[in-house]
Each structure stands twice: as structure tokens, then as C-alpha cells.
Amino acid sequence: MGGGGGCDVAKPVAAMVVIQVMSAGVNIFYKLAVSDGMDMRVLVAYRYLFASAFLAPLAYFIERKKRTKLTWRVLVISFICGLTGGSLAQNLYISGMKLTSATFASATTNLIPGVTFVLALIFRYERLAIRASSGQAKVAGTLLGVAGAMLLTFYKGADITPWHSHVNLVASSGASAAAHHQPPVLEADANRVVGSLLCISSCVFYALWLILQAKLSKDYPFHYSSTALMCVMSTLQSVAFALCTHRDVAQWRLGLDVRLLSVAYSGVLASGVMLVVLSWCVKKRGPLFASVFNPLMLLVVAVLSSLLLGEKLYLGSALGAVLIVVGLYAVLWGKGHEADNEVTTKVSELPLPIVTTDGDDDDDGTRGATVNVVVVQQAKTSDHDSSKQQRTTTTR
């Protein structure tokens with residue numbers, strides 16, 4: 001890519017890397033909140049409540065002069081976005097995690113790029129073009145990213161930790177995380193099937209949200225306002241769901257502890273700042289571009305868990321990281337190659353100048369050349385227009 005194309009790609013890439021680092025931080029705080037005994041449904045409700053409180057005034061002051069009037073269509077799409085990408089996806093995920101395991105639930109999130117790719121093809125946000133090198137790169141890169149994340153999760157291998165950290169935030173919290181992460185019904189096959197379906201459903205809804213977000217960005221291109229509206233919808237839905245399933249008042253109390261820190265981080269940064277940046281990336285580069293970075297989160301989680309939670313790095317993590325990086329590069333190359341082809345196609349449709357000369361006799365008997373430039377439009381023209389242009393540009 002030449003010119004400003006590299007900068008146009010570099011900004012969304014850098015933004016998506018930051019988003020995955022933030023998402024990895026959410027997983028760390030989730031572990032800390034669970035180890036402290038906090039109910040995850042209440043955490044999800046507080047997460048979007050804090051996000052709404054942060055984004056609503058920000059959206060009002062930043063976009064108050066250019067924001068258009070809300071329509072029922074935008075409200076409905078925002079409600080569905082809040083349901084698919086917020087309350088429903090998050091609650092399905094944590095419900096599936098309780099019936100299976102945290103490892104399996106994290107592994108299922110690697111299905112998001114593949115599901116998003118299929119949905120993007122169905123809704124015509126992406127083109128397969130399997131015979132083109134760009135289409136083959138996108139398919140291969142998506143599969144490599146999923147395979148790398150699966151390898152990172154399920155294959156352990158030898159211990160290759162390059163550092164020895166003595167920090168363990170979970171152990172220092174004074175609670176047993178194992179009791180929360182491993183429910184007593186984990187070994188039941190029926191519950192495993194149900195838990196697996198819940199986790200997979202969460203991935204499908206999140207992928208659907210990426211598609212809907214692309215639609216919302218076109219209908220209502222105000223990132224702060226649309227994200228704030230989505231968070232408000234997710235808050236109402238999550239609070240209603242939490243109250244219906246868990247009415248213990250003690251679970252809703254927040255003190256100056258890890259629960260408040262987890263809620264503030266996941267709400268303000270992960271659901272506030274991150275969703276604004278993510279919606280911008282979806283608008284700029286499409287839903288598939290945003291989804292292929294999702295496996296990168298597992299790599300960041302592995303590193304942060306080793307540094308902060310006393311966990312170790314293994315050979316499977318290193319091999320999986322290599323596949324993830326190669327997969328990401330392949331998809332980015334495919335997207336960039338497609339963008340270059342689109343630019344080339346648009347340039348080829350521009351009017352082309354044809355130079356003709358008119359010969360005139362000068363006083364000394366020589367012929368002088370007068371240059372005429374005639375523009376021929378390469379757009380769709382009729383046979384009559386083409387013949388007329390041909391007669392106009394004939395050299396006299």
C-alpha cells in the first residue's frame with residue numbers, strides 16, 4: 001500500500017491492539033471479583049451502569065452540535081445491539097462458564113472471527129473471492145488465528161516462563177477462586193452440553209453485534225452517542241436480568257475494594273472507552289477486521305496472568321502466539337490488498353485525457369502543431385456516445 005494507505009491501516013490496527021489489552025484486563029478483574037465472591041450477573045449490570053454514567057455526559061457535550069435527531073429505527077437497532085453485544089452475550093458467557101470451566105469458555109471466544117466471517121458474507125459486508133489471493137489470505141488467516149488460540153488454550157507443553165514473578169493477586173485476596181470457578185456439577189455430561197451451547201451462543205450473539213454495529217454506524221454515525229445509547233439499553237436489560245435471578249442485597253453493595261475497582265475498570269474503560277474505539281474501527285475497516293483481533297486477547301491474558309496471578313507460560317502459549325500473529329498478518333494483508341484493488345478500480349474509472357494535434361501551415365512553410373486535450377469518460381456510455389467521442393478525437 002502506498003501513500004496514506006499505510007496510515008489508514010496502522011491507526012485501526014493500533015486501536016484494536018489496545019482494545020484487546022483492555023479486554024485482557026477485564027478477564028483479570030473478573031477473576032479477582034469472582035475470587036472475592038461477587039455475583040457475575042451483578043457485575044455485568046454494574047459494568048454497563050458505570051459505562052452509561054461515563055459516556056452519556058461525554059456524548060452530550062462532544063456531539064451536541066452535530067448530532068441528528070434520534071429515530072425509532074436507531075432506537076430499535078441500539079436496543080438490539082445492547083442485547084446482542086452487551087447483556088445477553090455477557091450473561092450467556094458467564095452462565096456457560098459456570099457449567100463448564102473458565103478455560104473452555106475462554107476457548108469458545110475464538111469462534112468469533114469465524115462466525116463473524118460467515119455472518120459478514122451473509123450480510124454482504126465481506127466478499128469471499130476465494131480465487132483471489134486476498135480472499136484466500138482472509139480465510140487462511142482467520143483459520144490460523146482460531147487454531148493458534150485453541151492451541152494456546154488446550155495445549156500446555158513445557159514450562160518456558162522467562163521470568164519468575166512472585167505476585168499473586170488472587171491468593172492475596174484471601175478467598176478461594178477454585179470454589180467459584182469449578183461448580184460441583186462440572187462433571188455432569190448434560191450440564192457440559194448445555195454450558196457449551198451457552199458459550200457458543202454468546203459468541204454468535206457477539207458476532208451478530210459486530211454486524212449490527214456496522215449498520216448502526218451508517219445510520220447514526222455518532223460514536224459517542226450510539227455507544228452511550230447502547231450502554232443504557234444494556235444497563236436496563238442487565239439490571240432486570242440480575243434482579244430476576246439474584247435478589248440478595250449484599251451482592252449489590254460496593255465498598256473500597258476489588259469489586260468497585262473491577263466494576264469501574266470494566267465499566268469506564270472496557271465498556272466506555274473501548275466500545276467507542278471499537279465502533280470506530282468497525283466503521284473504518286469492517287466487522288471482520290475487528291473480530292480477527294479477538295484471539296490476541298488470550299495471548300495478553302496469558303502474559304498478564306503470569307505476571308499478576310502467579311501463572312506460568314508454557315510451550316503451547318508460544319506456539320499459539322506464533323499462529324495468531326501469522327493469522328493476523330494474513331487477514332490484514334488480505335484486507336489491505338482488497339483496499340488497493342478498490343482504489344485501482346476507482347482510478348481506472350476516472351476520465352482519461354487523449355492528446356491530439358492540429359497541423360497548421362506557418363509562414364515559413366513548416367507545419368506547427370497545436371495540442372488539443374480531449375477528455376474521454378470511461379464510465380458506462382452508449383454506442384452512440386462512443387461513436388460521437390471517436391469522431392471528436394480523430395486527428396485532423
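Residues numbered from 1 in each chain as written. Predicted model: local features only at pLDDT ≥ 70, side-chain atom pairs only at ≥ 80, totals over all residues. Heavy atoms only, no water.

**Quick notes on the packing of helix 2 (residues 40-63) against helix 3 (residues 72-99)**
Relative orientation of the contacting elements helix 2 and helix 3 amounts to 160°, with a least axis distance of 10 Å. Accordingly, the angle class assigned to the pair helix 2 and helix 3 is roughly antiparallel. The handedness of the crossing between helix 2 and helix 3 comes out as right-handed. Contacts from Met-40, Arg-41, Val-44, Arg-47 and Tyr-48 in helix 2 reach Gly-85, Gly-86, Ser-87, Gln-90, Asn-91, Ile-94, Ser-95 and Lys-98 in helix 3. By residue class, the composition of the contact of helix 2 with helix 3 is four nonpolar, six polar and three charged. (Axes fitted to C-alpha atoms, helices over the stretch in contact; angles between N-to-C directions. Helix = DSSP H or I, 4+ residues; strand = E, 2+ residues; numbered from the N terminus. Parallel < 35°, antiparallel > 145°, perpendicular 65-115°, else oblique. Left-handed = near helix turned anticlockwise from the far one by under 90°. Contact = heavy atoms within 4.5 Å. Nonpolar A, V, L, I, M, F, W, Y, C, P; charged D, E, K, R; others polar.)

**Remarks on the pattern of salt bridges**
Summed over all chains, the structure comprises three salt bridges. Several salt bridges converge on common partners, so that one network encompasses Arg-73, Lys-215 and Asp-219. (Salt bridge = Lys/Arg side-chain N within 4 Å of Asp/Glu carboxyl O.)

**Observations concerning the side chain of Ser-217**
Tracing the backbone through its elements, the reader meets Ser-217 in helix 9 (residues 189-219). Of the polar contacts made by the side chain of Ser-217, one reaches the backbone oxygen of Gln-213; its length is 2.9 Å. For Ser-217, the contacting residues outside a window of four places in its chain are Ser-279 and Lys-283. (Polar contact = N/O pair within 3.5 Å; in protein donor to acceptor, adjacent residues only side chain to side chain.)

**A few points about the confidence of the model for the protein**
Taken as a whole, the protein shows an average pLDDT of 74; of its residues, 72% reach a score of 70 or greater. Ignoring residues within four places in sequence, the model shows residues 174-187, a span with pLDDT below 50, making 21 contacts including any to other chains. Residue range residues 373-396 is modelled with pLDDT below 50. Its contacts to residues more than four positions away, or to other chains, number 29 contacts. (pLDDT = per-residue confidence, 0-100.)

**What to know about helix 11 (residues 258-285)**
Along helix 11, the sharpest change in direction is near 35° and occurs at Leu-275. In the segment just after helix 11, Gly-286 is the residue with positive phi, at about 100°. (Bend = angle between axes of the 7 residues up to and from the residue.)

**Considerations on the nonpolar core**
Of all hydrophobic cores here, the largest spans 69 residues; its most connected members are Met-16, Met-38, Leu-43, Trp-209, Leu-278 and Phe-293. Among the elements that line this core, the one with the most residues is helix 1 (residues 5-35), at 13 residues. Residue contacts for Trp-209: discarding those within four places in its chain leaves Cys-81, Thr-84, Gly-85, Met-230, Leu-275 and Leu-278. (Core = buried A, V, L, I, M, F, W, Y, C linked by side-chain atoms within 4.5 Å. Buried < 20%, exposed > 50% of the residue type's maximum accessible area, 1.4 Å probe, protein only.)

**Regarding the environment of Gly-334**
Here Gly-334 shows up in helix 14 (residues 315-348). Since its relative accessible area comes to 0%, Gly-334 is described here as buried. Here the alpha-carbon distance between Gly-334 and Gln-136, two residues 198 residues apart in the chain, equals 7.8 Å. In contact with Gly-334, other than residues within four places in its own chain, are Ser-134, Ala-137 and Lys-138.

**A word on the packing of aromatic side chains**
In the structure shown here, the tally under the stated rule is six aromatic pairs. Consider the rings of Tyr-220 and Phe-222, whose centres lie 4.9 Å apart with planes at 75°: the pair is edge-to-face. Per residue, the accessibility class of Tyr-220 equals that of Phe-222, and both read buried. (Phe/Tyr/Trp six-rings, centres within 6.5 Å; stacked < 30°, edge-to-face > 60°.)

**Let's talk about a nonpolar patch on the surface**
A contiguous nonpolar patch, built from Val-76, Phe-79, Ile-80 and Leu-83 and spanning about 310 Å² of accessible area, is present on the exposed surface. Relative to the assigned elements, Phe-79 resides in helix 3. Taking the relative accessible area as the measure of exposure, Phe-79 reaches 40% and is therefore partly exposed. (Patch = residues over 30% accessible without salt bridge, like charges linked within 9 Å, V, L, I, M, F, W, Y side chains within 5 Å. Areas by Shrake-Rupley, 256 points an atom, 1.4 Å probe, with all protein chains shown as cover.)

**Digging into the packing of helix 2 against helix 10 (residues 223-245)**
For the pair helix 2 and helix 10, interaxial distance at closest approach is 7 Å and the crossing angle is 155°. Classified by the angle their axes make, helix 2 and helix 10 are roughly antiparallel. The crossing of helix 2 and helix 10 is left-handed. Of the residues contributing to the contact of helix 2 with helix 10, the split by class is 18 nonpolar, eight polar and two charged.

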